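A closer look at the structure
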Amino acid sequence: EDKVVQSPLSLVVHEGDTVTLNCSYEVTNFRSLLWYKQEKKAPTFLFMLTSSGIEKKSGRLSSILDKKELFSILNITATQTGDSAVYLCAVEASGSGNTGKLIFGQGTTLQVKP
Amino acid sequence: DAGITQSPRHKVTETGTPVTLRCHQTENHRYMYWYRQDPGHGLRLIHYSYGVKDTDKGEVSDGYSVSRSKTEDFLLTLESATSSQTSVYFCAIRGPGTGNTIYFGEGSWLTVV
């Protein structure tokens, strides 16, 4: 059975700290891994990773994929209160009609205190 | 904004009644998805579509049916709503115009009493 596991499930830090969120997966027919941020509404897209070892970066956020060890990390440096959210990891597996279907982890709830 | 509109956004219904949620997209994307989100379970795929009249089941499809008679609309129907179907339902789309990334609608909050 396809599975995506995130850790930790929750995290409390102070502004300025650096955090690392983890995502491991067991999925047949892997296509890509995606990270989303969710703040009480729809998940918003952060990164899509398809190749091992290539870091994706956007401002203070970065992510990397290890396809050999089947995991990804999401780093947030110099955290701000606006980073407080649930971070979702999803793995895309091949499905019918050559489409991908996303399998989500449980999410990591990050709270950044002033 | 990926041009996704979900309706209704909030609904309260009684057990045993049929409910239909609508997802409408304006960008002509081929792939559309319905997910539900529940505490402790994250987002789980209910059904998805890879073209008009082409649909397939996800991991939690029992009690749900879908239809896609035109590209822009993907309907999710609860034939006889149960309290276990109280949830937040998200529609999502994917297509070349999105860089093959999946984008989500704003969600539909459904309460079955």
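See the structure shown above.
Each chain carries its own residue numbering, running from 1 in the direction its sequence is written. Chain letters and ligand numbers both follow the written order, the letters beginning at A and the numbers at 1. Residues qualify for local features only when their pLDDT is at least 70, as the model is predicted, and side-chain atom pairs are given and counted only at 80 or more; totals for whole chains, interfaces and linings, by contrast, use all residues. Here the side-chain values reflect all heavy atoms present in the structure, with hydrogen atoms and water set aside.

1. Some remarks on the overall build of chain B
Applied cut-off: Each helix is a run of DSSP H or I of at least 4 residues and each strand a run of E of at least 2, with the numbering of both proceeding from the N terminus. It is over C-alpha atoms that the radius of gyration is taken, and the globule rule equals 2.2 Å times the number of residues to the power 0.38.
Looking only at helices and strands, chain B has zero helices and eleven strands in total. Its helices and strands taken in sequence order, chain B reads β-β-β-β-β-β-β-β-β-β-β from the N to the C terminus. For chain B, whose C-alpha radius of gyration is 13 Å, the value lies close to the compact-globule estimate of 13 Å for 113 residues. For the C-alpha atoms alone, the extent of chain B along its principal axes is close to 40 × 25 × 25 Å.

2. Here we look at the interface of chain B and chain A
Counted only if it meets this: Contact criterion: two residues are considered in contact whenever any of their non-hydrogen atoms come within 4.5 Å of each other. The term buried area denotes the loss of accessible surface (1.4 Å probe radius) that occurs when two parts are joined, taken as the sum for both partners. We define a salt bridge as a side-chain nitrogen of Lys or Arg found within 4 Å of a carboxyl oxygen belonging to Asp or Glu.
The interface of chain B with chain A comprises 22 residues on the first partner and 23 residues on the second. Of the roughly 1700 Å² buried between chain B and chain A on both sides combined, carbon and sulfur atoms contribute 57%. Inspection of the chain B/chain A interface yields one salt bridge. The partner of glutamate 92 of chain A in a salt bridge is arginine 94 of chain B, and the shortest N-O contact between them spans 3.1 Å.

3. Let's talk about the state of the cysteines
Residue and element names in this part refer to chain A. We apply this condition: Throughout, disulfides are identified as pairs of cysteine sulfur atoms within 2.5 Å of each other. We call a residue buried when its accessible area falls under 20% of the maximum for its residue type, exposed when it is over 50%, and partly exposed in between, using a 1.4 Å probe and counting protein chains only.
Tallied over the full model, the rule gives two disulfides over all chains. Bridging cysteine 23 to cysteine 89, the disulfide has an S-S length of 1.9 Å. Classification of the bridge connecting cysteine 23 and cysteine 89 rests on its S-S torsion, roughly -65 degrees, and on that basis the disulfide is left-handed. In this pair, cysteine 23 sits in strand β3 (residues 19-26) while cysteine 89 sits in strand β9 (residues 85-94), placing the two residues 66 residues apart along the sequence. Assessed through its relative accessible area of 1%, cysteine 23 is described here as buried. The exposure class assigned to cysteine 89 is buried, which follows from its relative accessible area of 0%.

4. Let's talk about the pairing of strand β4 (residues 31-38) of chain B
Residue and element names in this part refer to chain B. Using the following cut-off: In this analysis, strands are considered paired if DSSP registers two or more bridges between them.
For β4, the tally of buried residues reaches eight of eight residues, placing the bulk of the element in the interior. Along β4, one buried face is formed by Tyr31, Tyr33, Tyr35 and Gln37 and the opposite face, lined by Met32, Trp34, Arg36 and Asp38, is buried too. Pairing geometry for β4 and strand β9 (residues 87-94), over seven bridges, is antiparallel. Residue pairing in the sheet places tyrosine 35 in a bridge with phenylalanine 90 of β9. Judged from the seven bridges that link them, β4 and strand β5 (residues 42-51) form a sheet pairing that is antiparallel. Bridge pairing links tyrosine 35 to leucine 45 in β5.

5. A short note on the sheet that holds strand β6 (residues 56-58) of chain A
Residues and elements named next belong to chain A. So the rule is basically this: Whenever a helix is involved, its axis is fitted only over the stretch in contact; in every case the axis is a line through C-alpha atoms, and angles between N-to-C directions fall within 0 to 180 degrees.
Pairing in this open sheet of five strands is antiparallel, and the strands run β1-β3-β8-β7-β6 from one edge to the other. The sheet terminates laterally at β1 (3-7) and β6, the two strands that pair on one side only. Across the sheet, the mean angle from the axis of one strand to that of its neighbour is 15 degrees, orientation sign disregarded. Two elements, β1 and β3, share five bridges in a ladder whose sense is antiparallel. Bridge pairing in β3 places valine 4 opposite tyrosine 25.

6. Brief notes about unusual backbone geometry
Cis geometry marks the peptide bond from serine 7 of chain A to proline 8 of chain A, where omega comes out at -10 degrees. With respect to the secondary-structure elements, proline 8 of chain A resides in the loop between β1 and β2 (10-14). Of note, the bond from serine 7 of chain B into proline 8 of chain B is cis; its omega dihedral lies within 30 degrees of zero at -10 degrees. Tracing the backbone shows proline 8 of chain B in the loop between β1 (4-7) and β2 (10-13). Look at lysine 40 of chain A: it is not a glycine, yet its phi comes out positive at around 60 degrees. With respect to the element layout, lysine 40 of chain A can be found in the loop between β4 (30-38) and β5 (44-49).

7. A closer look at the packing of aromatic side chains
Where two aromatic rings form a pair, the distance of their centres and the angle of their planes describe that pair. Inclusion rule: Stacked, edge-to-face and tilted are the three classes for Phe, Tyr and Trp ring pairs, Trp counted by its six-membered ring, which pair at centre distances within 6.5 Å; planes under 30 degrees apart are stacked, over 60 edge-to-face, the rest tilted.
Throughout the structure, instances matching the rule amount to 13 aromatic pairs over all chains. Seen in terms of ring centroids, phenylalanine 104 of chain A and phenylalanine 104 of chain B are 6.0 Å apart; in terms of plane orientation they differ by 65 degrees. Their pairing is edge-to-face. Pair noted here: phenylalanine 104 of chain A is in strand β10 (residues 100-104) and phenylalanine 104 of chain B is in strand β10 (residues 102-104), and the two residues belong to different chains. Take phenylalanine 104 of chain A: its relative accessible area is 7%, and that puts it in the buried class. By the ring-pair criterion, three or more aromatic residues cluster together here, those being Tyr36, Phe45 and Phe104 of chain A together with Tyr33, Tyr35, Tyr48, Tyr50, Phe90, Tyr103 and Phe104 of chain B.

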